[in-house]
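Reading the structure
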Amino acid sequence: MTEAAALPGQPRGGVLSGPATERAINVLAPNPSAMTLDGTNTWIVSEPDSDLAVVIDPGPLDDGHLSRVIATAERAGKRVALTLLTHGHPDHAEGAARFAELTRTPVRALDPALRLGDEGLAAGEVITIGGLEMRVVPTPGHTADSLCFHLPADRAILTGDTVLGRGTTVVAHPDGRLGDYLDSLRRLRSLTVDDGVHTVLPGHGPVLDDAQGAVEFYLAHRAHRLAQVETAVENGDRTAADVVARVYWDVDRSLWPAAELSVHAQLEYLREHGLI
């Protein structure tokens, strides 16, 4: 067994940019950080025999990156016909307006403030471009407007920040809510069990070849963290900062502000369910 195969979700090794499935190509944005991992994954998705493509999450406002996305599509014989957003965080969506200008395409998103054009996105909607079919899967939790895109022909799901290729995601309180996030993870687990989804094309990090394993890991991780936070409160910690210092003591301190967002969401969840 390889080292990657032993990790949750079985992440692929090697270069992140390039073809990931028969229909999906990644162009990695040059914005690596502790929060964005290697950078934002911008996905170009199309049917192999079509000259039309969909781009998901153009990424940051970086003309060099946006131009590389267009050039990558053109080298594959594709013209970008539509831009989609998994959610509105700047590392995914800041470049969308400029990308729309460069490609003359509409931008569709759940949040009306992010749309360029008349159409939004609705739960269960099937997006069809050049023979390509993708299904909109609502996955609130990381943010209220988070979506995933199910690519049935590749048995894959594009997850934005709902499931990452490495580590776990932040439930960005107050916009994100833990109860919603847990429901979204269960919705994704159903897709792996009932619809045969086995590949995760994440918004950051490597492709995961064991979607069910990744989602099960996320659910177990959240249950473990909730238990830790509940215990911290029982031991006298009252503020999110106090809980982070106790529960996330082994995490890089530069990530503690993000951890506080997750702890706020966990405390809210525990209060709502009468557990603290």
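Everything below is about the structure shown above.
This section reports on the structure supplied with the text. Quick caveat, the model's predicted, so the values are computed rather than measured. (Residues numbered from 1 in each chain as written. Predicted model: local features only at pLDDT ≥ 70, side-chain atom pairs only at ≥ 80, totals over all residues. Heavy atoms only, no water.)

**As for the sheet that holds strand β3 (residues 41-45)**
The strand order across the open sheet formed by 6 strands is β1-β2-β3-β4-β5-β6, and the pairing between neighbours is mixed. The sheet terminates laterally at β1 (18-19) and β6 (107-108), the two strands that pair on one side only. The sheet contact formed by strand β2 (residues 24-28) and β3 spans 5 bridges and is antiparallel. The residue bridging Asn-26 from the neighbouring strand is Trp-43, located in β3. Set on the sheet, helix α3 (residues 96-103) makes contact with β4 (52-56), β5 (79-84) and β6; between it and β5 the angle comes to about 155 degrees. (Pairing = 2+ DSSP bridges. Helix = DSSP H or I, 4+ residues; strand = E, 2+ residues; numbered from the N terminus. Contact = heavy atoms within 4.5 Å. Axes fitted to C-alpha atoms, helices over the stretch in contact; angles between N-to-C directions.)

**A few points about unusual backbone geometry**
The step from His-173 to Pro-174 runs through a cis peptide bond, and the omega angle for that step is 5 degrees. Mapped onto the secondary structure, Pro-174 falls in the loop between β10 (156-160) and α4 (178-194). Of note in this structure, Gln-10 is not a glycine but carries a positive phi near 55 degrees. Residue class for Gln-10 comes out partly exposed when judged on its relative accessible area of 32%. The phi angle at Asp-57 is positive, at roughly 60 degrees, despite the residue not being glycine. As for its position among the elements, Asp-57 is in the loop between β4 and α1 (63-75). (Buried < 20%, exposed > 50% of the residue type's maximum accessible area, 1.4 Å probe, protein only.)

**Comments concerning the nonpolar core**
In this structure, Ile-157, Val-163, Leu-178, Leu-185, Leu-188, Tyr-248 and Val-263 are the most contacted members of the largest nonpolar core, which totals 36 residues. Only α4, α5 (211-234), α6 (240-247) and α7 (256-272) provide two or more residues apiece to this core. Looking at this core element by element, the count peaks at 9 residues for α5. Non-local contacts of Leu-178, meaning those with residues more than four positions away in its chain, are made with Val-171, Arg-222, Leu-226, Ala-265, Gln-266 and Tyr-269. Counting residues in hydrophobic clusters, the runner-up holds 22 residues, among them Ala-81, Ile-127, Leu-147 and Leu-158. (Core = buried A, V, L, I, M, F, W, Y, C linked by side-chain atoms within 4.5 Å.)

**Concerning the packing of aromatic side chains**
The description of two aromatic rings rests on the distance between their centres and on the angle between their planes. In the structure shown here, the tally under the stated rule is 1 aromatic pair. With centroids separated by 6.2 Å and ring planes inclined at 70 degrees, the aromatic side chains of Phe-217 and Tyr-218 adopt a geometry described as edge-to-face. Accessibility expressed as a relative area gives 34% for Phe-217, which makes it partly exposed. Note on Tyr-218: relative accessible area 3%, which makes it buried. Between Arg-225 and the ring centre of Tyr-248, over which it is positioned, the NZ or CZ distance is 4.2 Å. (Phe/Tyr/Trp six-rings, centres within 6.5 Å; stacked < 30°, edge-to-face > 60°. Lys NZ or Arg CZ within 6 Å of the ring centre and 35° of its normal.)

**Observations concerning α3**
When α3 is considered as a whole, its buried residues turn out to be Ala-96, Phe-99, Ala-100 and Thr-103. Buried positions in α3, seen along its axis, are confined to an arc of 100 degrees and lie on one side of it. Tucked inside the fold, the buried residues of α3 contact β4, α1, β5, α2 (90-93) and β6. (Arc of directions from axis to C-beta.)

**Points about the sheet that holds strand β9 (residues 147-151)**
Strand order in the open sheet formed by 5 strands is β7-β8-β9-β10-β11, with mixed pairing between adjacent strands. Each edge of the open sheet is held by one strand with a lone partner, namely β7 (126-129) and β11 (199-202). For this sheet, the mean angle separating the axes of adjacent strands, direction not counted, is 25 degrees. Looking at chain direction, β9 and β10 are connected through 3 bridges and run antiparallel. What sits directly across from Leu-151, in β10, is Ala-156. Packed onto the sheet, α4 meets β8 (132-138), β9 and β10 and runs at close to 145 degrees relative to β8.

From the geometry alone we can't say anything about function, so treat these as descriptive.
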